[in-house]
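Chain by chain, the residues run as shown.
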Amino acid sequence: MGFLDQVYRDAVLEHARSPRNRGELDPYSVRQEGVNPSCGDELVLYLRVEGGEVAGASFTGHGCAISQASASLMTQAVRGLRVDEAKLLVERFKDMVHGRGAHPSLGDAAVLEGVSKLHARVKCATLAWIALDAGLDAEAAGKTEAEQISVDQE
Ligand code: ZN
């Protein structure tokens, strides 16, 4: 394992141990549940959308270190973005974990680039981002309680 791999691994573990934005958001615009049955990861994402921007994002749930770290990094990354920017970031994150490189706009979330070499863990990393995408769509459709999504649908 190279030095950079070690740095990335430490950053992921640090987010898994001390997740940012963990807990329910009150008030929230939409609540989106997501599951990754292949690993047992379960996530509840809370989003507050105000004036076309993601004003707040938080999560609860449980799962492996990669799923928890990814949710923590995602809630940090999306805060303050316009909804269209947030949806673009989801696509860039998916590109990254599928080995197509880390776009600079991903910021700290780029620590998860190494997941692209761990095929079994890609769904763990994408769960929070796919929940974000689905939650934003549900919010745009006027829903407060969105239907649960599963990364097996990807
Ligand atoms: Zn997992």
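Scroll up a little and you will see the structure.
Predicted model only: the values in this text are computed from it and were never measured.

Observations regarding the sheet that holds strand E1 (residues 30–36)
- Strand order across the open sheet formed by four strands is E3-E2-E1-E4, with mixed pairing between neighbours. Here the strands that pair on one side only, and so sit at the sheet edges, are strand E3 (53–62) and strand E4 (149–150).
- Alignment of E1 against strand E2 (residues 41–50), held across seven bridges, turns out to be antiparallel. By the bridge assignment for E2, Glu33 is matched with Val44.
- Against the sheet, helix H4 (residues 122–140) makes contact with E1, E2, E3 and E4, and its axis sits at roughly 40 degrees relative to E2, the strand it touches most.

Description of the side chain of Ser29
- Here Ser29 shows up in the loop between helix H1 (3–17) and E1.
- One polar contact links the side chain of Ser29 to the main-chain amide nitrogen of Val49, over a distance of 2.7 Å.
- In contact with Ser29, other than residues within four places in its own chain, are Leu47, Arg48, Val49, Glu139, Lys143 and Thr144.

Concerning the pairing of E1
- For E1, a buried count of five out of seven residues is recorded, marking the element as mostly surrounded by other parts of the structure.
- Remark: four residues form the turn of the hairpin made by E1 and E2, two consecutive strands paired antiparallel; Gly40 in that turn has positive phi of roughly 90 degrees.
- In this sheet, E4 lies alongside E1 in parallel orientation, the contact comprising two bridges. Note on E4: the bridge partner recorded for Val35 is Ser150.

A closer look at the pattern of salt bridges
- In total, this model carries 11 salt bridges according to the counting rule given.
- The closest approach of N and O atoms between Glu14 and Arg20, which form a salt bridge, is 3.0 Å.
- Classification of Glu14 as partly exposed rests on a relative accessible area of 33%.
- With a shortest N-O distance of 2.9 Å, Glu33 and Arg31 are connected by a salt bridge.

Analysis parameters
Residues numbered from 1 in each chain as written. Predicted model: local features only at pLDDT ≥ 70, side-chain atom pairs only at ≥ 80, totals over all residues. Heavy atoms only, no water. Pairing = 2+ DSSP bridges. Helix = DSSP H or I, 4+ residues; strand = E, 2+ residues; numbered from the N terminus. Contact = heavy atoms within 4.5 Å. Axes fitted to C-alpha atoms, helices over the stretch in contact; angles between N-to-C directions. Polar contact = N/O pair within 3.5 Å; in protein donor to acceptor, adjacent residues only side chain to side chain. Buried < 20%, exposed > 50% of the residue type's maximum accessible area, 1.4 Å probe, protein only. Salt bridge = Lys/Arg side-chain N within 4 Å of Asp/Glu carboxyl O.

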